[in-house]
Each structure stands twice: as structure tokens, then as C-alpha cells.
Amino acid sequence: MSSNTAAMSGAEILVKCLQAENVDTIFGYPGGSVLHIYDELFKQDKIHHVLVRHEQAAVHAADAYSRSSQRVGVALVTSGPGLTNAVTGIATAYYDSIPLVVISGQVPTFYIGQDAFQECDAVGITRPCVKHNFLVKDVKDLAQTVKKAFHIARSGRPGPVLIDIPKDVTAHKTEFHYPDTINIRSYNPVHKGHQGQIKKAAHLLLEAKRPMIYSGGGVILSDAAEQLTKLTRYLGFPITNTLMGLGAYPATDQQFMGMPGMHGTYEANMAMQHCDVLLAVGARFDDRVIGNPEDFATHPRKIIHIDIDPSSISKRVKVDVPIVGNVPDVLDDLIKQLEAIGGKPDAAVAQWWETIAGWRARESLKYRTSPEKIMPQAVVEKLWEVTNGDAFVTSDVGQHQMFAAQYYKFDKPRRWINSGGLGTMGVGLPYAMGVRYANPGATVACVTGEASIQMCIQELSTFKQYSVPVKIINLNNGYLGMVRQWQEMFYDNRYSHSYMSSLPDFMKLAEAYGHVGMRIERPEDVGPALELAFSDKHKNDLVFMDFIIDPTANVFPMVSAGKGLTDMVLADDHL
Amino acid sequence: MRHIISILLENESGALSRVAGLFSARGYNIQSLTVAPTEDPSLSRMTLVTFGNDDVVEQITKQLNKLVDVVKVIDLSEAPHVERELLMIKVRATGKDREEMKRLADIFRGHIIDVTDSAYVIELTGTSNKLDSFIAAIDPVLILETVRSGVSGIGRGDRMLKV
Ligand SMILES: Cc1ncc(C[n+]2csc(CCOP(=O)(O)OP(=O)(O)O)c2C)c(N)n1
Ligand SMILES: [Mg+2]
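Quick caveat, the model's predicted, so the values are computed rather than measured.

Peer 1: Would you mind going over the overall build of chain A with me for this structure?
Peer 2: Scanning chain A for helices and strands turns up 22 helices and 21 strands. For a compact globule of 575 residues, the expected C-alpha radius of gyration is about 25 Å, and chain A comes in at 24 Å, within 12% of that figure. The proportion of buried residues among the 575 residues of chain A is 59%. For chain A, the computed accessible surface area is about 22,000 Å², with 50% contributed by carbon and sulfur atoms. For chain A, the centre of its 54 positive side-chain charges and the centre of its 61 negative side-chain charges are spaced 3 Å apart.

Below is the structure:
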């Protein structure tokens, strides 16, 4: 318990609360209503504040700080435009269930509702994209509210929590007391799963002839990769990880089938569709993963679904054995049950593996090569090699994101950092910043596109100010590539506003910000350039690598929106 | 199918808009919604009438339970319960309609709670169906104004929604 009998200002209390939560880094941007808070930050040195160049980036950085560690990310913004700029970041975190505490300044309590300068209804604007939010009207409630915010953000199904603090509350004084524990009667997330259900699941798994394990972001968020890997190896079943779940099971392992869904591998989608028992873990059967739910349901299979959030269960697909609980706890119990039963998986599973081998032989990730043009897939493969498959890779949204997900084989959780649910262009660069702060010294690569990177390009300046040496892999196709791909496939090549002329010279741009710039135009230069960028020579530099790639490269396999999962367009139709 | 959902929630500013926002964001129907503090002033009780098939209503209750301010949720219409709604209706009451309106109110066990030279305000409590029937029984040209409270409901016997 932290207690101090001398009265302190709200601003001082807030900073003390953050210290009590062991917050070491916050990302923020000052303004009128948070000046008292900034003054308190100035007077201490336990919390490092990173001054970004746009509030959206502050929230993205805090978000990636959290994604790449197990900790709650923290961002601080001013009222009005500071808060509205932060909304995209908050929504991005919300859609991927990332635990954040966002603190926004507000006009003084006695001005609220009077259309004061830089007033906006922060609680109202963010309500649909936060797990919870608070407006603190009395300094006496402040410490308690911060405690609640951290607790809510990280427990249960995690998510962002906003604390809106009027300026006068940061000036008012009271005694500081930070509670050790908190009890919210209306909020009691479960931990343990129902043992009877877990037993049922164990039997079902042992009876399965065509089993499949499908895991999502929930496994990463709950730090259950170890349990998932143990279970998968114990059973010897095939496994797929969603875009949000990559790294939960080592991608270089034989049992790994690649990613499922819209741009999933042929074998993963075929196995998802044709399995007889599907074990879904911390995943939500979303439209990008299972395609058309009616088509998915036409193949009978028993589904076991483990998730912390009851509302994720039977939302889009009816399941047979729902298990609500914290994923690592449930998986531990499931492994125990399997060991207790002592059974072996059905012998028919060997046949299933043969079927899978047939699907794998399609080599659905094979891509067209060219002696003239740089293929984006090859850049990602080379990146994997050069970084020994052990980098943190952030990405933006588009074709480059899918190439990174498909070709960088993630063996560890929390290494692949991207916006899956909201699909927010612009996250890549601030994500790289957040990752580096959560993992000092780590190798961080941002795989981006020339359009996405421009949505938060101003952050190059922040990287300079704080000497954050990440490597940017710009897969420059001169197009809003993913948009162009859809226009090619569904709009008869009418490329309506998906081409950007007047791109900046990224090399010079990087240099203008004080960084190292490179332009790579020939396939044979890809390897050497990457090796140089990741060499000791540039250990302390941000290197911006502008790869001029084949603008016609498309992402395959592809399941069109609304289609069944096995209705895939494959690359070999286009080689 | 019509469902009556009862919700116990923290009596805090913003709690109501979280519930209302959830319904509009997810495209659920709200036919009526009433809310007031309970005997414990820290809690409000809300009764919400919605339409949807079982899957939709299951999602609605799960999503409501997910809101941090929501303490408890039950689907009242799943088991024996009583429900009531209050109607106040202002009708033209002149000439022979004056007697006729009084008679009709009596038949439905309503009360005239305000009288002027030209109008009555009649109060009527009952199920929504009963209120509908009463309104249907009145000549539409005589109806000046109506206001309904929305449904409140409570479980029968041992069935309770309490912390
Ligand atoms: C903020 C935002 N606006 C629009 C979109 C829609 N969108 C998805 S991918 C894409 C194109 C991205 O282009 P680029 O970053 O160059 O990546 P590429 O697909 O070319 O690899 C667009 C516009 C989005 N996801 N996010
Ligand atoms: Mg592009």
C-alpha cells in the first residue's frame, strides 16, 4: 500500500499512481488541459515520457508496447483535438483487445457542457471503442479510478480504458492513497474453465479422426503459447494460427499449417473446412478467417471453443463444447485431463496427415519470380533469413502486411505486431517505436507500404529525437496495392484512385529527418542491402529501405469476401 | 420473439448510454426501456423490451454482461413473471363524449386523474396488450395525446434479481 498523509495535487497523484503501477514509459503530447500533469512529469525521472509528433502515434506506440510485452501501455493526450486524434489509436487497440490506459485532459469541471475551448465529450466519443471509460470529477476518486482502469484493462478479455481528467481536478489536492487491490462488484472475469466441459473436450479430441487446432490472438494475449505448444505436440495434430495468433506455435514446425482465412494457405483452409473436430482457442471465427459462415457450417464437425469472453462463443458459428475461461488455465487443465485419461489419438489421424500432405504439395505460397523485378515475398523471406527469424516485425495494412504474415515464419509469440481487427494503415512506424521501448536492444523491423507509411511518417522525427534504431522495409509498389488487387479482380482493372503519383523520394526524406536512407531497385541487391542495414554498422541507426517492387504482385491464396473457405484463388493460376 | 430483459446496473452517469449505445451499435431493437434507482440508491434497475430470435437474445445478454457497469442481467420472459406498463392518455371530453370516456375508463379500470372543461387525462396500468386495446377502443379523433412508461417487470415467487 502506498500512502502519504500530506495533501497532493491531482497531477502529482496521477504520476504517483503510474509509478505504483510500475509504468516506465508513456507516450504523449501536451496541451492546455494536461499542463499540470506535464509539470509533475518534469519533476520526476522514474517514468520516461516519449514526445510523439501526433497523438494517434502515441496511442499506437503504447499499443505496441503492450503487444510486444505483457504490460499495459500508457498514453497521455490533451483535451479536444488531442483526444480526437487519439481515437483511431484507441479503436485499433480495442479491436485487437489490447490493454491500454489512455489519459486525456479535459476542460475544468465548471466548464464542462459549455462548449469551452478544446472541450469535447471524450467519454461519449470513445464509448464504443473502449472496454470502459471514466470521467474523474473529484480528485478524491482519482487514485481509485486509476487502479480500476489498470485492473479492467489487463484482466478478462483485455482492452483499452480511457481516463478523462478535467484540469481543475489535476490542481485540487487530497491525500494520496493507492489501493493494493480493487473489487468491482459488477466486474468479475472468470479464470478456470468448467471441468466437465474440459473432460468432454479431451474425449472428443482423442476420438477425432480429422482433428484441427485453430488458435487466435487470445493465446498471445493470455501468454498461453507454451501450453498451446505442449498440447499440440502431445496430440500430434495439425495447427493453424490466425493473423493475430502468429507465433503462438512455431511456424517452422512440421505440425504448423500456416495461416487460415482470406490469405491463408491452401492446406490450412482445407483442413479447417474438412476436419471432424476443431479445437478453437482464443479465436473468434471472424469473417476474414472462416469466410462465409453458412458455407463453413455445411461441413459437419464438432467444435470445441475455448475463450475468456462468453460473447465470442456461438456468435458467428455454433459450437458443441464451449469452455469459458482464461486460456492458459484451461489448456493446463485440458492437458491434465488428457494425461489422466492416458489415451492416444485415433490411428486414423495418420491418414489425415496424408491427406494434408497432398494439400501441402500444392505449395500455395509459391510465387512468381523475376530476374528484373524485386518480388515483395522474396524481400520478406530474405528479411527472415537476415534476422534469423528472431526479429520483432511490425506492419501496416495492405499487401505488404499479408506478405509479412505469410513469409516471415514467426516462432515466438508477441513478435508479429499488426492491426488485425481494425486494419489501421499508419500503425507500422509507431508500432516499431512501442516495441523498441518495451524491448530495449531488440531487433525491430517495420514492413510497410509507401501509402501506409505516409499516414504516420512524421514519427521519423520522434525516432531521431530519442535515437530509436529500427529498420523500415518499405515495399514500394506505387499503389494502394491491396485496393488495386481488389480492383483488378472484382472491378475489371478499373484502378480508381489506387495509384499515387508524386511519391516523395523516401531516401532523401529519411535523410532529411536525420536517418539513413537506401533505395533498392534490383533483385540481386535485396540480400546485401538487408545485411548491411541489420549489420553492426547501422546498429544505432534508423535505416529506411525503399524497395522498389513489382507493382503487379498480388497476394495469394485468396478467398474473396463472402465466399466459402475452400473457394480459393491460388497463385499457380497466375504464375 | 419478444423478450423482457431486466438489468441491474451501477447508478452512475453514463451507464444508461452504455446500454443504449450497445443496442444501436450492434443493431439490436429496443421497443421500450425504463430505468430508475432501486431501494439501494447505488443501483439502477432497467427493464428493456426487445425482439429477436434466441441467438440474438443470447448475444444481447452476453454483451450486456460484458459492460463493466452492468451488475446482473436476466431474461425475465424466460420464466414466470409479471409485467406492467403505465399509460396516460389525454382525450377530448365534451358533450356526450364526456360520459362515454368515463364509462370506457371504468371498463378498463383506468382512472381519470385530470379534468378540464374539454379534456380528461386517464391513467391506466396493465400489460402492454391491455393498453393497446384501450387505445384501440377510443375513437382516434378524440385522442389528444398519449404517453407510456414502457414495460417494467419482475419475476414471480422466488425468482429475484438482486446483488
Ligand atoms: C486508415 C485506412 N484507410 C484506408 C484503408 C483501406 N486500405 C487497405 S489496404 C490499402 C492500401 C495500402 O497501400 P500500401 O500501404 O501502399 O500497401 P500495399 O497494399 O501497396 O502493400 C488501403 C487504402 C485502411 N486499411 N486504413
Ligand atoms: Mg503500396
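Continuing now.
Peer 1: Would you take a moment to explain the packing of aromatic side chains for this structure?
Peer 2: Aromatic ring pairs: the centre-centre distance and the angle between the two ring planes describe each pair. All names here are of chain A. Across all of its chains, the model carries 17 aromatic pairs over all chains by this definition. Aromatic side chains Phe506 and Phe544 sit 5.4 Å apart centroid to centroid with 10° between the ring planes, which places their arrangement in the stacked category. Here Phe544 lies in strand S19 (residues 543-548) and Phe506 lies in helix H21 (residues 506-512), a separation of 38 residues in the sequence. With relative accessibility at 0%, the residue Phe506 sits in the buried group.

Peer 1: Can you help me understand the sheet that holds strand S3 (residues 43-51) of chain B in this one?
Peer 2: The strands that make up a sheet pair up through hydrogen bonds in the backbone, lying either parallel or antiparallel. Residue and element names in this part refer to chain B. Across the sheet, four strands lie side by side as S2-S3-S1-S4; this open sheet has antiparallel pairing. Unpaired on one side and paired on the other, strand S2 (32-37) and strand S4 (70-75) mark the two borders of the sheet. Neighbour to neighbour, the strand axes of the sheet diverge by 15° on average, direction disregarded. Here five bridges tie strand S1 (residues 2-10) to S4, and the two strands are oriented antiparallel to one another. Note that in S4 the partner of Ile7 across the bridge is Val73.

Peer 1: Even after reading the chapter, I still don't get the coordination of the magnesium ion (ligand 2), so can you show me in this structure?
Peer 2: Metal coordination angles in their ideal form are 109.5 degrees for the four-donor tetrahedron and 90 or 180 degrees for the six-donor octahedron. All names here are of chain A. Taken together, the protein ligands of the magnesium ion (ligand 2) are Glu450 (OE), Glu450 (OE), Asn477 (OD1) and Tyr479 (O), with distances of 2.1 to 2.5 Å. Seen from the magnesium ion (ligand 2), its six donor atoms lie at angles of 52 to 175°, and the figure they make is irregular. Considered as a linear motif, the donors of the magnesium ion (ligand 2) on their single chain read E-x26-N-x1-Y. Here Asn477 lies in the loop between strand S17 (471-476) and helix H20 (481-490) and Glu450 lies in the loop between strand S16 (444-449) and helix H19 (460-465), a separation of 27 residues in the sequence. Judged by its relative accessible area of 1%, Glu450 is buried. The class for Asn477 is buried, based on a relative accessible area of 10%.

Peer 1: Sorry if this is basic, but what is going on with the site of ligand 1 here?
Peer 2: All names here are of chain A. Around ligand 1, the structure places 17 residues, and the nearest of them are Gln399, His400, Gly423, Ser452 and Gly481. Contacts to ligand 1 include Gln399, whose backbone N or O atom sits 2.8 Å from an oxygen atom. A distance of 2.7 Å is found between an oxygen atom of ligand 1 and a backbone nitrogen or oxygen belonging to Gly481. Surface burial for ligand 1 is 76%, taken as the share of its 590 Å² of free accessible area covered by protein chains. Mapped by element, the contributors of at least two residues to the shell around ligand 1 are helix H17 (399-407) and H20. In terms of residue count, H20 provides more of the shell around ligand 1 than any other element does, three residues in total. Of the residues belonging to the shell around ligand 1, the class tally is eight nonpolar, eight polar and one charged.

Parameters at a glance
- Residues numbered from 1 in each chain as written.
- Chains lettered and ligands numbered in written order.
- Predicted model: local features only at pLDDT ≥ 70, side-chain atom pairs only at ≥ 80, totals over all residues.
- Heavy atoms only, no water.
- Helix = DSSP H or I, 4+ residues; strand = E, 2+ residues; numbered from the N terminus.
- Rg over C-alpha atoms; globule rule 2.2 N^0.38 Å.
- Buried < 20%, exposed > 50% of the residue type's maximum accessible area, 1.4 Å probe, protein only.
- Areas by Shrake-Rupley, 256 points an atom, 1.4 Å probe, with all protein chains shown as cover.
- Lys, Arg positive; Asp, Glu negative; His and termini not counted.
- Charge placed at Lys NZ, Arg CZ, Asp CG, Glu CD.
- Phe/Tyr/Trp six-rings, centres within 6.5 Å; stacked < 30°, edge-to-face > 60°.
- Pairing = 2+ DSSP bridges.
- Axes fitted to C-alpha atoms, helices over the stretch in contact; angles between N-to-C directions.
- Donors = N, O, S within 2.8 Å, 3.2 Å for Na, K, Ca; no water.
- Tetrahedral: all angles 85-135°; square planar, octahedral: opposite > 155°, others 65-115°.
- Near = heavy atom within 4 Å.
- Polar contact = N/O pair within 3.5 Å; in protein donor to acceptor, adjacent residues only side chain to side chain.
- Nonpolar A, V, L, I, M, F, W, Y, C, P; charged D, E, K, R; others polar.

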